[in-house]
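Spelled out, the chains give:
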Amino acid sequence: MSNDSNKTIHDFDFNLICEYFLGVERQGPGSPEVTLKALSFVDNLSSESRIADIGCGTGGQTMVLAQNTLGSITGIDLFPAFIDKFCDNAQQLNLHNRVKGVVGSMESLPFESEELDLIWSEGAIYNIGFKRGLAEWHQFLKRGGYVVVSEVSWFTQERPTEIADFWNSAYPEVDTIQNKVAQLQAAGYIPIATFILPENCWTEHYYVPQAKAQQLFLSKHAGNRVAEELVANERHEAELYQKYKEYYGYVFYIGKKV
Ligand code: SAH
């Protein structure tokens with residue numbers, strides 16, 4: 001059980017979370033630059049390629065992928081409001097002919113065996129768990145297809161109790177890069193690359209836009225304790241990041257199906 005100071009986002013009302021994150025550029029740490037860097041490790045994509053972006057949110061990274069690949073992309077997210085915005089974004093960028101948004105769960109994906117050339121998932125696989133996600137999604141990839149996921153990871157063998165407690169309670173599968181790579185390999189992929197997302201993926205592209213959106217969100221929900229707690233929780237997480245960023249961060253893991 002988490003105590004008040006270690007409350008995770010999963011403990012809050014989903015509609016409020018949805019509204020909160022609809023107000024920002026993206027729903028997890030990342031940037032167009034790192035999406036492109038991760039994509040640079042993926043070979044053999046063509047106009048025939050089938051790509052899935054799992055836990056796509058409003059599609060920040062999906063649109064970058066679409067503008068830099070030729071195939072068709074299916075974005076999947078549990079929340080209809082995110083998918084609505086995703087579809088608007090695709091339409092506005094004139095990508096809607098090959099970029100489709102689908103409401104669905106990463107626990108029961110609507111794909112056929114060996115249908116996909118590339119499975120992408122930024123800051124979302126923790127919802128099913130890194131090991132389970134990698135193992136279950138494997139069947140949908142063609143042989144030689146790629147999986148590209150970003151995931152919170154420890155940078156060091158040791159870390160201060162405050163941040164260890166926070167992440168162990170928020171996401172018990174948090175682990176070192178070395179162990180995550182071994183898990184990727186055990187799930188049937190050749191480890192192709194890993195790299196750490198630079199700090200601006202957390203600040204400029206994640207916490208700064210949130211700080212702006214928080215004002216609006218709080219004034220709209222003045223007096224609503226759940227909304228206030230949600231914001232307090234996000235601010236606490238941002239403070240922890242500033243304090244402990246040398247110990248953890250997001251890491252891209254790129255694997256190729258054996
Ligand atoms: N990839 C986006 C969003 C990351 S946030 C980005 O990097 O900006 C995690 C996303 O996973 C949220 O949009 C959330 O709605 C979605 N999600 C949570 N549980 C899910 C599930 N079981 N199936 C599909 N999507 C899920």
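Treat the numbers as computed from the prediction; the structure is a model and nothing was measured. (Residues numbered from 1 in each chain as written. Predicted model: local features only at pLDDT ≥ 70, side-chain atom pairs only at ≥ 80, totals over all residues. Heavy atoms only, no water.)

A closer look at the overall build of the protein
Line of reasoning, step 1. Counting secondary structure elements, the protein contains nine helices and eight strands.
Line of reasoning, step 2. For the protein, whose C-alpha radius of gyration is 18 Å, the value lies close to the compact-globule estimate of 18 Å for 258 residues.
Line of reasoning, step 3. Here the C-alpha coordinates of the protein stretch approximately 50 × 45 × 30 Å along the principal axes.
Line of reasoning, step 4. The contacts of the protein with a sequence gap of at least 6 include a subset with a gap of at least 24, amounting to 77%.
Line of reasoning, step 5. Carbon and sulfur atoms make up 50% of the accessible area of the protein, which amounts to about 11,700 Å² in all.
Line of reasoning, step 6. Of the side-chain charges in the protein, 21 are positive and 33 negative, and the distance between the mean point of each set is 3 Å. (Helix = DSSP H or I, 4+ residues; strand = E, 2+ residues; numbered from the N terminus. Rg over C-alpha atoms; globule rule 2.2 N^0.38 Å. Contact = heavy atoms within 4.5 Å. Areas by Shrake-Rupley, 256 points an atom, 1.4 Å probe, with all protein chains shown as cover. Lys, Arg positive; Asp, Glu negative; His and termini not counted. Charge placed at Lys NZ, Arg CZ, Asp CG, Glu CD.)

So, helix 1 (residues 14-22)
Line of reasoning, step 1. The set of residues buried in helix 1 consists of L16, I17, C18, Y20 and F21.
Line of reasoning, step 2. Tucked into the core, helix 1 has its buried residues touching helix 4 (80-92), helix 8 (203-220) and helix 9 (225-244).
Line of reasoning, step 3. For helix 1, the side-chain oxygen to backbone nitrogen distance between the N-cap and N15 is 3.1 Å, and the N-cap itself is D13. (Buried < 20%, exposed > 50% of the residue type's maximum accessible area, 1.4 Å probe, protein only. Polar contact = N/O pair within 3.5 Å; in protein donor to acceptor, adjacent residues only side chain to side chain.)

Here we look at the packing of helix 1 against helix 9
Line of reasoning, step 1. In contact at an axis separation of 10 Å, helix 1 and helix 9 are set at 55° when each is read in the N-to-C sense. In terms of axis orientation, helix 1 runs oblique to helix 9. As helix 1 runs across helix 9, the sense of the crossing is right-handed. Here L16, I17, Y20 and F21 of helix 1 come into contact with helix 9, specifically with V226, A227, L230, V231 and E234. (Axes fitted to C-alpha atoms, helices over the stretch in contact; angles between N-to-C directions. Parallel < 35°, antiparallel > 145°, perpendicular 65-115°, else oblique. Left-handed = near helix turned anticlockwise from the far one by under 90°.)

Things to note about the pairing of strand 3 (residues 99-103)
For a regular strand, side-chain orientation follows a simple rule: the groups alternate between the two sheet faces.
Line of reasoning, step 1. For strand 2 (residues 72-77) and strand 3, the ladder comprises five bridges, and the chain directions are parallel. In the strand pairing of strand 3, D77 is matched with V103. (Pairing = 2+ DSSP bridges.)

Observations regarding the confidence of the model for the protein
Line of reasoning, step 1. Mean pLDDT over the protein stands at 94; residues scoring 70 or higher make up 95%.
Line of reasoning, step 2. Scored below 50 in pLDDT, residues 1-5 shows five contacts in the model against residues more than four places distant or in partner chains. (pLDDT = per-residue confidence, 0-100.)

Some thoughts on the site of the ligand
Line of reasoning, step 1. The ligand sits among 18 residues. The nearest are R26, D77, F79, M106 and E122.
Line of reasoning, step 2. Between Q61 and the ligand, the recorded distance is 3.3 Å, taken from a side-chain N or O atom to an oxygen atom.
Line of reasoning, step 3. Taking L78, its main chain carries an N or O atom lying 3.3 Å from a nitrogen atom of the ligand.
Line of reasoning, step 4. In isolation the ligand offers 570 Å² of accessible surface; the protein chains occlude 94% of this area.
Line of reasoning, step 5. Looking at the shell around the ligand residue by residue, the class counts come to six nonpolar, nine polar and three charged. (Near = heavy atom within 4 Å. Nonpolar A, V, L, I, M, F, W, Y, C, P; charged D, E, K, R; others polar.)

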